[in-house]
2 protein chains.
Amino acid sequence: MEKIKVLIADDHQIMLDGLRAILNKDKSIQVVGKASNGLEALEFLKKEVVDVILLDLQMPVMDGLETTMHIKKSFPEVKIIMLTTNDEGSIITSLFKAGATGYLLKNASKEYLIKGIKDAHEGKKVISSHLTEKMIESLTQDPKKGNDGTKPIITKREIEVIKLIAQEYTTQEIADQLFVSTNTVATHKRNLFVKMDVKNSVGMVKKAVDWGLI
Amino acid sequence: MEKIKVLIADDHQIMLDGLRAILNKDKSIQVVGKASNGLEALEFLKKEVVDVILLDLQMPVMDGLETTMHIKKSFPEVKIIMLTTNDEGSIITSLFKAGATGYLLKNASKEYLIKGIKDAHEGKKVISSHLTEKMIESLTQDPKKGNDGTKPIITKREIEVIKLIAQEYTTQEIADQLFVSTNTVATHKRNLFVKMDVKNSVGMVKKAVDWGLI
DNA sequence: GAAGACATCACACAATTGTGTGATACTGAT
DNA sequence: ATCAGTATCACACAATTGTGTGATGTCTTC
């Protein structure tokens, strides 16, 4: 029988080593490569055939969501399982829309993970049981609230603003650094509050961290 | 030769499985148990002999710092290696003061981890090379700034306040929920800003998350 | 029983944030 | 060529946050 070729992408070396050690024990799975961010994963796909990719949601350089979109564009046949510590319900829908096949929490068991890889390889959708509930919750939310459970598109400029806010800069200081007026920064913040469905900067920064934006 | 008895404590099942798989490959190391939080780790120590404990810093129920203090009190001979994704320099000093033997980032390699366990068992201090720099930095900081690199003591009441701020409540709303005046809440915030060496609520919440406080 | 940490509150004021409303200009996609 | 999205800015005003200063009662701990 042909083994399932798996690529692992995670920015933590120990996680990479650990996952490889777990998966290599299963006869039907073969770990063919490792990557420490989304960009490396894409590079690897250009050179070698992969069936399933395990992708960490929180990664520097290119995060899980962005990587998923790129992979699905260039390699639509590859199955993607997102691995995360984050149980933010609101991002799940975005991931599946982007083309992810599965979404597993890192506190899943190794058996569940292996089963997930096999299921994904057969084309089945995979999701942590803890998350099913959250997902349904986010789908059945009041649509008037503007939160349809989808992670909104945050522009590059907006990310710049969020990062500076997270570094405790005031609106004035941010305006100076970006060479724009305070009104502009205030407008960016205002737009972000609506997009991200938060009430203030604290909530915004917290959610941005949860989403792996900064 | 007697094997080094290792206990692993991490709230992520996959991390536990992965670490066990990595460590079991080394002939001189034996994983004798697993725990998914600090409390479980302590319970385990009461029943079995352990040489080295790998402790995740971020855990629910009882975090790494608190667990370290408890372990050192009851089982001073056990070596503790802290594992973390967090490279906040300011917490390292606290950990060593509490009695930790090592502090490794999760993006260390498996070789480094195994060497770390062996070194710790021999009584050597272990630290990620990435962190040495940060630690020295935090030690040589201007003491006038009130930041001596030690994580300050945050009281229960203050934690309550931080949690509510992180949930986007205003000072008024927090005061109502805690049945105190807004002045009191303002004072708590003011004290926290100084203790945690931050400029505003955004910085405070971010650092609280980094420190595993909330 | 004095010292120190904790939690509570007051009052005033400056600084900053957040909101409402409207406008201009550029860009890329249909 | 039009439209949607992005980025920019203005002005005004309300709300909230942050700061300076000082005070009181309680509870450990030494």
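Since we're looking at a predicted model, the values are computed, not measured.

Caption draft 1: Summary view of the protein's contact with DNA strand C. With respect to spatial proximity, 15 residues lie near DNA strand C, and among them A:R190, B:T155, B:R157, B:V180 and B:S181 are the closest. Taking the atoms of DNA strand C that fall within 4 Å of the protein, sugar and phosphate contribute 56% of them. A:R190 has a polar side-chain atom sitting 2.5 Å from a base nitrogen of DNA strand C. One of the side-chain N or O atoms of B:H188 is found 2.9 Å from a phosphate oxygen in DNA strand C. Contributions of two or more residues to the surface near DNA strand C are made by α9 (182-196) of chain A together with α9 (182-196) of chain B. Here the surface near DNA strand C is composed, by residue class, of 2 nonpolar, 10 polar and 3 charged.

Caption draft 2: Spotlight on the interface of chain B and chain A. Across the contact, 32 residues belong to chain B and 32 residues belong to chain A. Summed over the three residues of chain B that lose the most area to chain A, namely B:I14, B:E168 and B:V202, the buried surface amounts to 28% of that side. Taken together, the links from chain B to chain A amount to 2 salt bridges. Salt-bridge contacts for B:K110 lead to A:D17; the nearest nitrogen and oxygen are separated by 3.9 Å. Seen at the junction of chain B and chain A, the total is 10 residue pairs in polar contact (both at pLDDT 80 or more). Of all the elements in the fold, those that place two or more residues in the side of chain B that touches chain A are α1 (13-24), α5 (110-121), α7 (156-166) and α10 (201-210) of chain B.

Caption draft 3: Up close: the protein's contact with DNA strand D. Around DNA strand D there are 15 residues in total, and A:T155, A:V180, A:S181, A:T184 and B:R190 lie nearest to it. Looking at DNA strand D alone, sugar and phosphate atoms form 58% of those within 4 Å of the protein. Here a phosphate oxygen of DNA strand D sits 2.6 Å away from a polar atom, N or O, in the side chain of A:T155. One nitrogen or oxygen atom from the side chain of A:R157 is found 2.8 Å from a phosphate oxygen belonging to DNA strand D. Only α9 of chain A together with α9 of chain B provide two or more residues apiece to the surface near DNA strand D. The biggest single contributor to the surface near DNA strand D is α9(A), with 4 residues. Looking at the surface near DNA strand D, its residues break down into 2 nonpolar, 10 polar and 3 charged.

Caption draft 4: Inspection of the relation of the copies chain B and chain A at higher detail. Of the two same-sequence chains, chain B is brought onto chain A (RMSD 0.4 Å, axial shift 0.0 Å) by a rotation of 180°. Here the transformation between the copies is reduced to the relation of a two-fold axis. No C-alpha of chain B approaches the rotation axis more nearly than that of B:G18, which lies at 1.8 Å. Both copies contact each other with a shared surface, as 100% of the interface residues of chain B are interface residues in chain A too.

Caption draft 5: Region of interest: the environment of B:I214. Residues and elements named next belong to chain B. Mapping I214 onto the fold places it in the segment after α10. Sequence separation between I214 and A166 is 48 residues; the distance between their C-alpha atoms is 8.7 Å. Residue contacts for I214: discarding those within four places in its chain leaves I162, K163, A166, V205, A208 and V209.

Caption draft 6: Local environment of the packing of α7(B) against α9(B). All names here are of chain B. The contact between α7 and α9 brings their axes to 10 Å, and the two run at 95°. On the basis of the axis angle, α7 is roughly perpendicular to α9. For the pair α7 and α9, contact is made by R157, E158, V161, I162 and I165 and by V185, H188, K189, N191, L192, K195 and M196, respectively. Along the lines of polarity and charge, the residues of the contact of α7 with α9 split into 6 nonpolar, 2 polar and 4 charged.

Caption draft 7: Examining unusual backbone geometry more closely. One non-glycine residue, A:D197, adopts positive backbone phi at about 55°. By the element assignment, A:D197 lies in the loop between α9 and α10 (201-210). Under the relative-accessibility criterion, A:D197 is labelled partly exposed at 32%. At B:E168, a position not held by glycine, the phi torsion is positive, near 70°. Along the chain, the position of B:E168 falls in the loop between α7 and α8 (171-178).

Caption draft 8: Up close: the pairing of strand β3 (residues 52-56) of chain A. All names here are of chain A. Most of β3 sits inside the fold, with 5 of its 5 residues counted as buried. Here β3 shows no split at all, with V52, L54 and D56 on one side and I53 and L55 on the other all buried. When strand β1 (residues 4-9) meets β3, the two strands line up parallel, connected through 4 bridges. From the neighbouring strand, V6 faces β3, where its bridge partner is V52. Relative to strand β4 (residues 79-84), β3 is paired through 5 bridges, and the arrangement is parallel.

Caption draft 9: View of the side chain of B:T101. All names here are of chain B. Structurally, the position occupied by T101 is in the loop between α4 (89-98) and β5 (102-105). Under the relative-accessibility criterion, T101 is labelled buried at 6%. Aside from chain neighbours lying at most four places away, what touches T101 is K79, I80, F96, A120, K124, K125 and V126.

Caption draft 10: Local environment of the packing of α9(A) against α10(A). Residue and element names in this part refer to chain A. With their axes 10 Å apart at the nearest point, α9 and α10 run at an angle of 60° to one another. Looking at the two axes, α9 sits oblique to α10. Handedness of the crossing formed by α9 with α10: left-handed. Of the residues in α10, those touching α9 at K189, L192, F193 and M196 are S201, M204, K207 and A208. For the contact of α9 with α10, a count of residues per class yields 5 nonpolar, 1 polar and 2 charged.

Conventions adopted
- Residues numbered from 1 in each chain as written.
- Chains lettered and ligands numbered in written order.
- Predicted model: local features only at pLDDT ≥ 70, side-chain atom pairs only at ≥ 80, totals over all residues.
- Heavy atoms only, no water.
- Near = heavy atom within 4 Å.
- Polar contact = N/O pair within 3.5 Å; in protein donor to acceptor, adjacent residues only side chain to side chain.
- Helix = DSSP H or I, 4+ residues; strand = E, 2+ residues; numbered from the N terminus.
- Nonpolar A, V, L, I, M, F, W, Y, C, P; charged D, E, K, R; others polar.
- Contact = heavy atoms within 4.5 Å.
- Buried area = accessible area lost by both parts, 1.4 Å probe.
- Salt bridge = Lys/Arg side-chain N within 4 Å of Asp/Glu carboxyl O.
- Least-squares fit on C-alpha atoms with pLDDT ≥ 70 in both.
- Axes fitted to C-alpha atoms, helices over the stretch in contact; angles between N-to-C directions.
- Parallel < 35°, antiparallel > 145°, perpendicular 65-115°, else oblique.
- Buried < 20%, exposed > 50% of the residue type's maximum accessible area, 1.4 Å probe, protein only.
- Pairing = 2+ DSSP bridges.
- Left-handed = near helix turned anticlockwise from the far one by under 90°.

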